[in-house]
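# Examining the three-dimensional arrangement
Below are the chains, spelled out letter by letter.
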Amino acid sequence: MTEGPYNVPAGAVDGLVLLYTMDSIDGGVVVDQVGNFQGAIDGDPQIVGGPVGTSLRLDGAGDRVVVGDVGITDAVTLSAKVSINTLPSNDRVVLFGLQDEVGSRYNLTVSLETDGSLRLWCTESDGNQSTFNIGEAFQQGDYFTLIIDHQNGRFRMFIDDITVVDHAGPPGGIGGEALDLVIGADITAIRYASMDICQFRVFSRVLADIERQWLKLEGEG
């Protein structure tokens with residue numbers, strides 16, 4: 001099938017377990033367009049125009065979306081289109097990811113540092129945590145496609161379909177006890193990000209190259 005000026009690759013929705021188009025907030029939740037993982041809203045985020053329909057604007061001062069457990073501990077892809085509005089002034093903030101509610105750890109999570117760099121946090125199957133800093137990855141105020149994934153100990157991060165992290169840990173699933181999905185802050189309700197975000201997806205698999213290219217091209221042209 002086709003959507004806009006680009007072709008949607010065959011199978012692109014296989015394993016899609018969550019889709020937030022960010023155009024529907026109903027009763028204090030972000031509506032999941034493909035399943036039942038509605039996101040609970042904290043704060044007062046606003047719906048604004050985005051590169052694909054609309055985006056959710058998080059103010060960096062209490063806005064976040066808490067999804068909870070999406071039932072994935074190994075093969076997973078998280079993707080979104082993100083625009084950073086304000087850099088953090090005192091400490092890092094969290095863009096999105098899977099976090100350990102019990103241990104308050106970032107298990108597969110992207111944070112934004114005060115110098116404008118992005119950091120991927122990886123908790124491996126043996127409990128060790130690795131982090132990878134990526135500088136000069138985006139222009140403030142411009143949208144970019146941010147994708148993180150994991151399969152059998154391999155953690156990766158892509159920015160506009162460019163591989164910026166590829167880390168091979170010990171084989172196994174993502175480390176941690178209770179993995180909750182949170183957008184715009186961390187599980188302990190701090191480190192709030194000031195950003196616009198749309199087309200947030202969760203897949204229960206890693207994507208092929210052509211599928212990541214499709215996500216990057218979505219809304220362009």
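Attention here is on the structure that accompanies the text. All values derive from a computational prediction rather than experimental measurement.

The element strand E9 (residues 64–68) is largely enclosed, with a buried count of five among its five residues. In E9, alternate side chains face the same way, and those of Arg64, Val66 and Gly68 on one face and Val65 and Val67 on the other are all buried. As paired strands, strand E6 (residues 39–42) and E9 are joined by three bridges and run antiparallel to one another. What sits directly across from Asp42, in E9, is Arg64. Pairing of E9 with strand E18 (residues 179–183), which is carried by three bridges, proceeds in the antiparallel orientation. Bridge assignment links Val65 to a residue of E18, and that residue is Ile183.

The next point concerns the packing of aromatic side chains. Inspection of the entire model under this criterion finds four aromatic pairs. With centroids separated by 5.2 Å and ring planes inclined at 85°, the aromatic side chains of Phe96 and Phe200 adopt a geometry described as edge-to-face. Within this pair, whereas Phe96 is found in strand E11 (residues 93–100), its partner Phe200 is found in strand E19 (residues 194–203), the two being separated by 104 residues in sequence. As far as burial versus exposure is concerned, Phe96 and Phe200 are alike and both buried. For the pair Phe138 and Phe144, a centre-to-centre distance of 5.2 Å together with 15° between the ring planes defines the contact as stacked. Each of the two residues, Phe138 as well as Phe144, counts as buried. These aromatic residues form a ring-pair network of at least three members: Tyr20, Phe96 and Phe200.

Calculation rules
Residues numbered from 1 in each chain as written. Predicted model: local features only at pLDDT ≥ 70, side-chain atom pairs only at ≥ 80, totals over all residues. Heavy atoms only, no water. Buried < 20%, exposed > 50% of the residue type's maximum accessible area, 1.4 Å probe, protein only. Helix = DSSP H or I, 4+ residues; strand = E, 2+ residues; numbered from the N terminus. Pairing = 2+ DSSP bridges. Phe/Tyr/Trp six-rings, centres within 6.5 Å; stacked < 30°, edge-to-face > 60°.

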